[in-house]
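Examination of the molecular architecture
If you want the building blocks of each chain, they are given just below.
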Amino acid sequence: MINNDKEVRKLVTQRAATTQASQTKSGAELFIDALKKQDVEMVFGYPGGAVLPIYDAFYKSNFPHILTRHEQGAVHAAEGYARVTGKPGVVVVTSGPGATNVLTGIADAMSDSIPLVVFTGQVHTPGIGKDAFQEADMIGLTIPITKYNYQVRDIKELPRIVNEAFHIANTGRKGPVVVDIPKDLGIAETDTVHPDTIKLPGYQPTYIPNLLQVEKLAQAILAAKKPLILAGAGVNHSKATAELLEFAERYDIPVVNTLLGLGSFPNHHELFLGMGGMHGSYSANMALTDCDLLINFGSRFDDRLASAPKEFAPNAVIAHVDIDPAEIGKIIETQIPIVADIRATLEALLAIQVTEAFDFSHWHKLNTTRKNRHPFSYDRNTKTQIKPQRVIEIIGEITRGEALVATDVGQHQMWVAQFYPFQFDHQIITSGGLGTMGFGFPAAVGAQLAFPEKTVVAFVGDGGFQMTNQELAILAGYGINVKVVILNNHSLGMVRQWQTKFHGERYSHSIFDSQPDFVKLAEAYGVKGYRFTNPETIENDLKKVFLQTGPAVIDVEIPGDEQVLPMVPSGKPNHQMEGVE
């Protein structure tokens, strides 16, 4: 018998707790709960049979979802979102072809250390391994191109797996994680789940640098006569741009960027020498050749930067700071290895009190002279052609160098790297390691969805744009204000350039004899389209379009034989540049 109000309240509380504990949820509902726990802002995806339970849960919960027009568009849009926010992009696709269509984007993210969590549908558990309809072995397919992958076999484990997937994707050296979910686990229900506590004893990224190595690097700087900083994507990932600037200025050390490191150091700073590598600046490549101490912050010494590893920085002591120990010494022998987070390392370096005198003025003077004598250049006097470099310069001026800039892959990508005035981290959105055509436009969509208030420009070629231009369909529907600039040379420009230089001008399948009308194509999707062919009016033409709100496709006619220069031929050392004026 209940004698007082206190006992009544106690009984009600006990019954409520029992009801909560025994409340059943489907795997799809647990999945939605897990996404919410990760503060996922939006999911990019495309439905199909194996993920219908998940999509039903999306419908019931009104979860933010961006329906792209192809799974490749979904994964590249998620990459764009991840590249500008630093947070994991999230993708949901169905089994079989839906899942295999995202393999390129997963490989792209792996190559450029981009955090993605990709959820692929799978056939019912009893059908796995039996060639069921739309079955693909996503575990086997993605082992080489992911940080980790899972196949969920117990609904009670789903929350933990999702939690671990996000943790792995967004810590250490970031990258993609795949979670394969059989259809029956989306339907199955349970009233209990295992704790989602992360227990990964074999995965413990190192963030704090060894202070003895940091001191060794500091002493190497004082002993050097011609030190140089190479700033890669790791600086941007670590959000260490302020520390990099302070460090470079304190020691008066010039800075060279990799392609993906652009934005980590102010474009107009007197210490900035530009991008290094195959299409890098003369001053950057000569500095890489002549330096006696090279401090690599977060670059992996890829073959577009160090095409001839044995002749790369031949007289330099190499210091390499990277969060991934596998990268240190992999390509270039390293004398001062530091496995740590870039920002933490720079903070440790800045904490050292320097009492010894140092003077790099002669080195600084040499680099400044080279920079002034041999800037990136093109024919500015032509009145018959629109030069692509000028288009990029104009848009840089219109946007004050503050736009989020996505590119596809090819000549236009290199022109953007050379001529757009990048100013801050996570500003450039481009496929570096994998070189994925079709990447640029959907990646710009993801970036614009992440930051609706910012100006987003997608520079694409006429070839790459045709690989994923079906995503034009979502611009108007989602209010996505991307400005798409097609630098149209009626060819696969970089392929043609290599055929010109190395294959006797035999243009085998690199020139498009027919092209769509890109203006009409844009209009068919409800997007304004423009075609510009007049070099004398191009500046005003572009200004008018950029003053308008809403998405636009801008088709700019450029010469087919325009080349990206300078160029270090593949396999040659950095100082052997062609096309230097």
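Residues numbered from 1 in each chain as written. Predicted model: local features only at pLDDT ≥ 70, side-chain atom pairs only at ≥ 80, totals over all residues. Heavy atoms only, no water.

Some words on the overall build of the protein chain
Summing up its helical and strand segments, the protein chain has 23 helices and 20 strands in all. Over its C-alpha atoms the protein chain spans a radius of gyration of 26 Å, differing by no more than 12% from the 25 Å that the globule rule assigns to 581 residues. The principal-axis extent of the C-alpha atoms belonging to the protein chain is close to 95 × 65 × 50 Å. Across the 581 residues in the protein chain, those meeting the buried criterion constitute 57%. Measuring between centres, the 50 positive side-chain charges of the protein chain sit 2 Å from its 63 negative side-chain charges. (Helix = DSSP H or I, 4+ residues; strand = E, 2+ residues; numbered from the N terminus. Rg over C-alpha atoms; globule rule 2.2 N^0.38 Å. Buried < 20%, exposed > 50% of the residue type's maximum accessible area, 1.4 Å probe, protein only. Lys, Arg positive; Asp, Glu negative; His and termini not counted. Charge placed at Lys NZ, Arg CZ, Asp CG, Glu CD.)

Let's talk about the sheet that holds strand β16 (residues 428-429)
Spatially, the 6 strands line up as an open sheet ordered β16-β15-β17-β18-β20-β19, and their pairing is parallel. Two strands in the sheet have a free side with no partner beyond their single neighbour: β16 and β19 (528-532). Two strands pair when backbone bridges link them, and strand β17 (residues 456-461) and strand β18 (residues 483-488) are joined in this way by 5 bridges, in the parallel orientation. Following the sheet pairing, A458 is matched in β18 by V484. (Pairing = 2+ DSSP bridges.)

Some thoughts on the sheet that holds strand β10 (residues 255-257)
Spatial strand order, β11-β10-β9-β12-β13-β14: 6 strands in an open sheet with parallel pairing. Two strands close off the open sheet at either side, each with one partner strand: β11 (272-275) and β14 (336-339). Between one strand and the next, the sheet's axes are offset by a mean angle of 15°, whatever the strand orientation. (Axes fitted to C-alpha atoms, helices over the stretch in contact; angles between N-to-C directions.)

Examining the side chain of Q448
In this fold, Q448 is placed in helix α18 (residues 440-450). The exposure class assigned to Q448 is buried, which follows from its relative accessible area of 3%. In terms of polar contacts, Q448 uses its side chain to reach the backbone carbonyl oxygen of F451, at 3.1 Å. When near neighbours in sequence (up to four residues on either side) are disregarded, Q448 contacts K454, V456, I480, N481 and V482. (Polar contact = N/O pair within 3.5 Å; in protein donor to acceptor, adjacent residues only side chain to side chain. Contact = heavy atoms within 4.5 Å.)

Structural notes on the packing of helix α4 (residues 71-85) against α18
At a closest axis distance of 6 Å, the pairing of α4 and α18 adopts a crossing angle of 50°. Relative to α18, the element α4 is oriented oblique. As α4 runs across α18, the sense of the crossing is right-handed. Touching G73, H76, A77, G80, Y81, V84 and T85 of α4 are P442, A443, G446, A447 and A450, all from α18. Here the contact of α4 with α18 is composed, by residue class, of 7 nonpolar, 5 polar and no charged. (Parallel < 35°, antiparallel > 145°, perpendicular 65-115°, else oblique. Left-handed = near helix turned anticlockwise from the far one by under 90°. Nonpolar A, V, L, I, M, F, W, Y, C, P; charged D, E, K, R; others polar.)

Let's talk about the pattern of salt bridges
By the definition in use, this model includes 27 salt bridges. Across the pair D324 and R173 runs a salt bridge, and its minimum N-O distance is 2.9 Å. Of this pair, D324 sits in the loop between β13 (317-322) and β14 while R173 sits in the loop between α8 (158-169) and β7 (176-182), placing them 151 residues apart in sequence. The class for D324 is buried, based on a relative accessible area of 18%. Residue R531 is joined to D555 by a salt bridge in which the shortest nitrogen-to-oxygen separation is 3.5 Å. Within this pair, whereas R531 is found in strand β19, its partner D555 is found in strand β20 (residues 552-557), the two being separated by 24 residues in sequence. The exposure class of D555 is buried, given its relative accessible area of 2%. Here the salt bridges do not stand alone but share partners, grouping R380, R390, E393, E397, E539 and K543 into one network. (Salt bridge = Lys/Arg side-chain N within 4 Å of Asp/Glu carboxyl O.)

What about helix α14 (residues 342-351)?
Residue pairs spaced three or four apart in an α-helix point in one direction, given the helix's 3.6 residues per turn. The element α14 is extensively covered by neighbouring structure, given that 7 of its 10 residues are classed as buried. Within the span of α14, buried status applies to I342, A344, T345, L346, A348, L349 and L350. Residues of α14 that are buried in the fold lie against α10 (211-223), α11 (233-237), α12 (241-251), β12 (293-297), β13 and β14. The N-cap of α14, judged by a side-chain oxygen 3.1 Å from the amide nitrogen of R343 a few residues on, is D341.

Concerning the UniProt feature "domain: Thiamine pyrophosphate enzyme TPP-binding" (unreviewed entry) in the protein chain
UniProt records the feature "domain: Thiamine pyrophosphate enzyme TPP-binding" (unreviewed entry) for residues 408-556 in the present numbering. In residues 408-556, helix accounts for 40% and strand for 16%; the two terminal C-alpha atoms are 15 Å from one another. (UniProt positions renumbered as here; feature names shortened; annotations may be inferred.)

Description of the domain arrangement of the protein chain
Splitting the protein chain by domain gives domain 1 (25-190), domain 2 (211-373) and domain 3 (388-557). Placing a centre on the C-alpha atoms of domain 1 and another on those of domain 3 gives a separation of 29 Å. Listed as interface residues are 24 residues of domain 1 and, on the opposing side, 25 residues of domain 3. Of the roughly 1900 Å² buried at the junction of domain 1 and domain 3 (both faces included), carbon and sulfur atoms supply 67%. Sorting the residues of domain 1 by area buried against domain 3 places R69, R83 and V84 first, and these three jointly supply 31% of that buried surface. Summed over the shared surface of domain 1 and domain 3, the result is 0 salt bridges. Viewed at the interface, domain 3 and domain 1 are joined by 9 residue pairs in polar contact (both at pLDDT 80 or more). Of all the elements in the fold, those that place two or more residues in the side of domain 1 that touches domain 3 are β3 (65-67), α4 and α6 (103-112). At 10 residues, the largest contribution of residues to the side of domain 1 that touches domain 3 is made by α4. (Domains from an automatic or database assignment. Buried area = accessible area lost by both parts, 1.4 Å probe.)

Some thoughts on a nonpolar patch on the surface
The grouping of Y46, L67 and Y478 at the surface amounts to a nonpolar patch, some 230 Å² of accessible area in total. On the secondary structure map, Y478 appears in helix α20 (residues 473-478). (Patch = residues over 30% accessible without salt bridge, like charges linked within 9 Å, V, L, I, M, F, W, Y side chains within 5 Å. Areas by Shrake-Rupley, 256 points an atom, 1.4 Å probe, with all protein chains shown as cover.)

Side note on the UniProt feature "domain: Thiamine pyrophosphate enzyme central" (unreviewed entry) in the protein chain
Per the UniProt entry, the sites bearing "domain: Thiamine pyrophosphate enzyme central" (unreviewed entry) are residues 214-349 in this numbering. Counted over residues 214-349, helix gives 32% and strand 20%. Its end C-alpha atoms are 6 Å apart.

Notes on the packing of helix α16 (residues 388-398) against helix α17 (residues 411-419)
Packing of α16 against α17 leaves a shortest axis separation of 9 Å and a crossing angle of 50°. It follows from the interaxial angle that α16 and α17 lie oblique. The hand of the α16/α17 crossing is right-handed. Here P388, Q389, I392 and E393 of α16 come into contact with α17, specifically with H412, W415, V416 and F419. Per-class residue counts for the contact of α16 with α17 are 5 nonpolar, 2 polar and 1 charged.

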